[in-house]
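# Fold and contact review
These are the residues of each chain, in order.
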Amino acid sequence: MRRESLRDLFIAAVALAVLLVLPVLFPQPALRDFLVYVIAYGLLAMSLNLLVGLTGLVSFGHAAYFASGAYSFGLLMQSGHFSVPMAMLCALAGTALLALVIGAICVRLKEIYFSFITLAFQMFIHSIILTWVDVTGGDQGLRGGIPRPAFLGIDLSQAGTLYAFCAVVFIVCLLIMRQVWQSPFGYTLRMIRDNPARANFLGVNVLRMKLGIFVLAGTMASMAGILMALFVSGAYAEFAFWTMSGEAIFMIMLGGMQVFLGPVIGAFLLQTLNHYVTIYTEHHGLVLGLVILAIVLGLRRGVADYARDWLAARRTTREAAALEAKPAKKAVS
Amino acid sequence: MNLEVLAGCLASGACVVTQISSGLIVGMLLFLVASGLSLIFGVLGIVNFAHGAFYMAGAYFALLAYEQTASFTAALAFGALAAGVIGVAFERFIMSRVYGHDVLMQLLVCYAAILIFDDLVKILFGADYKLMGMPDAFATAPIQIAGGFVPSYYIFMLVMALAAGLGLWLGINKTRIGKIIRALAINPQMVGALGINTKLLYAGVFGLGCVLAGLAGALAAPVRSLTPGMGLSVLIESFIVTVIGGMGSIPGALVAALLIGLTRSFGAIGFPLFVDGLMFGLMALVLVVRPSGLLGAKAS
């Protein structure tokens, strides 16, 4: 195994340990709920960043797959014929198929037109959810709760177990995405982002690559939706509304799109902001808006990207200083 | 789905007239908002995701002026102008700082602006529904056309919107300043090199787009209830209109706005829950078949 992969595994193990220990140290249920939201939204934002940051495809309709995962998982569990892992696999496969069909149409379009068509498909799915009341419950959402029968000795109806399950799934998904991020496929996607014409000349099938990452990102988003459905024990039409995709984009922008974990940091920031701002003021939008403006106009990139650039700049000045210092010493001796 | 009701409506002249007239005014409001959006995109090359906020500003300032002066003409003028002034300030102080950055930066700035504007409206005007009421001049019996009733205010709205659209088209295509604006859209460096203040012109075009949105808001004030989030649904629909008509095309915006307006008014009878789905389906279809829109310039 390569050294980098080992390092990633080590970091993942530490992160998982921290996630699992946190609720033990601070046993308030509010913290656990907060962390589950960060996990679900963070996973959604991370999956979207495979398109936005890695491939340069700005999708405005990514929440469609989040909703598709949540609804198909919820409906399968309510049917009573499936165990939790089986329903998860089926929901993931179903969403992957959906993303394949929609993606095959969308990836042919460029720039803002790609954004608009993904938005159109998402809102189309939102309308179907609202209209097909018999199955989806319309604007009331999927009612009656989602049963969580125990499997392999894991009982998800216990809040602690559910949290640990979410944390493990989250870390596993991050590791998978990290592999993609560092793989030759990931570097091909970066080339497509920076210069599609050159990628094409080099014999890369640009459309197929884009479609591949579109399906993968959609599948990961549906995993986030499944976790959310498990946690809130339901699925709601808002999952497929454009504001959900919007929030995912803001998490990416706040956290940073060029650093792998940037979107998770953004999800954490946005959830914290939402949480504290609503406690202290009723003018939630005003404060949130001003903070976003300050970050965008002040840093001009996400927090993690800013930190990376700052560290890089510091390293260069240090190296330059060291280079200057060396000849000076020689001259003295 | 309630297709029998829709068929029944189509068979009756009165129902058709009523639905067409309500479809036309929805379409006209959308046309005003979307033509501003389209103008800004065509000239500045940016997508103003905060455009709905100026529609809202137009409506609220029109209400304010109407309550103070009781003159509807003053309300229209003040609503449109206030939206324009706020638009110019927004462009100069905030939006112009993210020109040349990727579209996501602009999106985030606009989202922040929407959050701030919505909350400011809540602070200044209150969070509850507001009604302006029909101005006295239009408080007359509706006009009867082929058995259907059309309020006289609808006719006024139609004329105002068409006049504004025609004025915009003539201004862009037939005047000297319009020629400069068209040149600005194609080659801003060259226009700047010829000694024209492009920054001022950008702010002016952005402001003009916001005036159109503000006018739409002011015109809508007597027939719609005013809420702090009223800009968002208009924004989404005017995006559909801009995309279907072609980004940057004013006549395209008119055709698409009428199409969407009529789809809404007749769809509301036949399949009320799926109207949005139909509109977005139409948008996806246009994007697939002709990404540049019905009347947009062919993308290179």
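Residues numbered from 1 in each chain as written. Chains lettered and ligands numbered in written order. Predicted model: local features only at pLDDT ≥ 70, side-chain atom pairs only at ≥ 80, totals over all residues. Heavy atoms only, no water.

### As for the UniProt feature "transmembrane region" (unreviewed entry) in chain B
Residue and element names in this part refer to chain B. The test is simple: UniProt positions are given in the numbering used here, feature names are shortened, and annotations may be inferred rather than shown by experiment. Numbering of helices and strands runs from the N terminus; a helix is a DSSP stretch of H or I covering at least four residues, while a strand is a stretch of E covering at least two.
Mapped onto this structure's residue numbering, the UniProt feature "transmembrane region" (unreviewed entry) falls at residues 6-32, 39-66, 72-91, 103-125, 153-172, 200-219, 239-262 and 269-289. Secondary structure within residues 72-91 divides into 100% helix and 0% strand; the distance between the first and last C-alpha atoms comes to 28 Å. With 100% helix and 0% strand, residues 153-172 has end C-alpha atoms that lie 28 Å from one another.

### Side note on the state of the cysteines
Residues and elements named next belong to chain A. Stated formally: Disulfide assignment relies on a single distance test, namely cysteine sulfur atoms paired within 2.5 Å. When accessible area is computed with a 1.4 Å probe and restricted to protein chains, residues below 20% of their type maximum are described as buried, those above 50% as exposed, and intermediate ones as partly exposed.
In total, this model carries 0 disulfides over all chains according to the counting rule given. Distance from the sulfur of Cys90, which forms no disulfide, to the nearest cysteine sulfur (Cys173) is 17 Å. In this structure Cys90 comes out as partly exposed when scored by relative accessible area, which is 30%.

### A word on the interface of chain A and chain B
How big an interface is tends to be stated in terms of accessible area lost as the parts join. What counts here: Should any heavy atoms of two residues lie within 4.5 Å, those residues are counted as being in contact. Accessible surface is computed with a 1.4 Å probe, and the buried area is the amount of it that two parts give up when combined, taken over both parts together. The term salt bridge refers to a pairing of a side-chain nitrogen on Lys or Arg with a carboxyl oxygen on Asp or Glu at a separation within 4 Å. In protein, a polar contact means a hydrogen-donor-capable atom and an acceptor-capable atom, both N or O and within 3.5 Å, with residues adjacent in sequence counting only if both atoms are side-chain atoms; elsewhere, any N or O pair within 3.5 Å suffices. Gly is put with the polar residues, along with every residue not named as nonpolar or charged; the nonpolar set is Ala, Val, Leu, Ile, Met, Phe, Trp, Tyr, Cys and Pro, and the charged set is Asp, Glu, Lys and Arg.
Facing the 35 residues of chain A at the interface are 37 residues of chain B. For the pairing of chain A and chain B, the buried interface totals around 3600 Å² over both sides, and the portion due to carbon and sulfur atoms is 86%. Sorting the residues of chain A by area buried against chain B places A:Tyr113, A:Phe116 and A:Arg300 first, and these three jointly supply 17% of that buried surface. At the junction of chain A with chain B, the criterion picks out 0 salt bridges. Our count for the contact surface shared by chain A and chain B stands at 2 residue pairs in polar contact (both at pLDDT 80 or more). Residue assignment for the side of chain A that touches chain B shows that the elements contributing at least two residues are α5 (111-131), α11 (242-255) and α13 (284-299) of chain A. For the side of chain A that touches chain B, the element with the most residues is α5(A), which contributes 12 residues. Considering only residue class, the side of chain A that touches chain B consists of 27 nonpolar, 6 polar and 2 charged.

### Points about the side chain of A:Ser245
All names here are of chain A. For Ser245, the position within the fold is in helix α11. Taking the relative accessible area as the measure of exposure, Ser245 reaches 1% and is therefore buried. Beyond its immediate chain neighbours, meaning those up to four positions away, Ser245 contacts Leu48, Phe60, Gly61, His62, Ala63 and Gln122.

### Focus on the packing of aromatic side chains
Let me state the cut-off plainly: By convention, a stacked pair of Phe, Tyr or Trp rings (six-membered ring in the case of Trp) has centres within 6.5 Å and planes under 30 degrees apart, an edge-to-face pair has planes over 60 apart, and any other such pair is tilted. Sitting over a ring, as applied to charges here, requires NZ of Lys or CZ of Arg to be within 6 Å of the ring centre and within 35 degrees of the ring normal.
With the rule as written, the count across this model stands at 26 aromatic pairs over all chains. Centroid distance B:Phe54 to B:Phe117: 6.0 Å. Interplanar angle 65°. Geometry classified as edge-to-face. With B:Phe54 in helix α3 (residues 51-69) and B:Phe117 in helix α5 (residues 103-125), this pair connects stretches of sequence that are 63 residues apart. Ring-pair connections join several aromatic residues into one group, and the members of that group are A:Phe60, A:Phe116, B:Phe49 and B:Phe239. The side chain of A:Arg190 reaches across the aromatic face of A:Trp181, ending 5.2 Å from its centre. Here the basic side chain of A:Arg190 rests over the ring of A:Tyr187, its NZ or CZ set 4.3 Å away from the ring centre.

### Let's talk about unusual backbone geometry
Backbone geometry at A:Ser233 places phi at a positive 55°, although glycine is not the residue there. As for its position among the elements, A:Ser233 is in the loop between α10 (206-232) and α11. One non-glycine residue, B:Ala70, adopts positive backbone phi at about 60°. Residue position: B:Ala70 is located in the loop between α3 and α4 (72-93). B:Ala70 sits in the exposed class, given a relative accessible area of 60%.

### Remarks on a nonpolar patch on the surface
Short version of the rule: Residues enter patches when their relative accessible area tops 30% and they take part in no salt bridge; the joining distance is 9 Å for like charges and 5 Å for the nonpolar side chains Val, Leu, Ile, Met, Phe, Trp and Tyr. All accessibility values rest on the Shrake-Rupley procedure with a 1.4 Å probe; residue burial counts only the protein chains present in the view.
Taken together, the side chains of A:Phe10, A:Ile11, A:Val14 and A:Val18 make up a nonpolar region of the molecular surface, amounting to roughly 370 Å² of accessible area. Positionally, A:Val14 belongs in helix α1 (residues 3-25).

### Let's talk about the nonpolar core
Inclusion rule: The term nonpolar core refers to a set of buried residues drawn from Ala, Val, Leu, Ile, Met, Phe, Trp, Tyr and Cys, joined through side-chain atoms within 4.5 Å.
Residues A:Phe73, A:Phe116, A:Met223, B:Phe90, B:Phe206 and B:Met283 are the most contacted members of the largest nonpolar core, which totals 211 residues. It is helix α2 (residues 29-55) of chain A that provides the largest number of residues to this core, a total of 16 residues. Aside from chain neighbours lying at most four places away, what touches A:Phe73 is A:Val84, A:Ala87, A:Met88, A:Ala91, A:Ile146, A:Ile226, A:Ala229 and A:Leu230. Membership of the second largest hydrophobic core comes to 6 residues, among which are B:Leu6, B:Phe266, B:Ile269 and B:Phe274.

### Remarks on helix α7 (residues 176-186) of chain B
Residue and element names in this part refer to chain B. Rule in force here: It is the directions from the helix axis to the C-beta atoms whose arc is reported.
Turning to α7, its buried residues are Gly178, Ile180, Ile181 and Leu184. Buried residues in α7, looked at end-on, bunch into an arc of 160°, giving them a common side. Summarising the geometry of α7, the exposed residues directed more than 90 degrees from the buried face are Arg176, Lys179 and Ile186. Residues of α7 that are buried make contact with α2 (13-44), α6 (152-174), α8 (188-193) and α9 (198-220).

### Overview of a positive patch on the surface
Residues and elements named next belong to chain B. Put simply, the test is: Positive charges come from Lys and Arg, negative ones from Asp and Glu, while His and the chain ends are left out of the count. Where a charge sits is defined by one atom per residue type, namely NZ (Lys), CZ (Arg), CG (Asp) or CD (Glu).
On the surface, Lys174, Arg176, Lys179 and Arg182 cluster together into a positively charged patch. With 3 residues, the top contributor of residues to the positive patch is α7. Following the sequence through the fold, Arg176 ends up in helix α7. A residue is classified by how much of its surface remains accessible, and Arg176, at 68% relative accessible area, is exposed.

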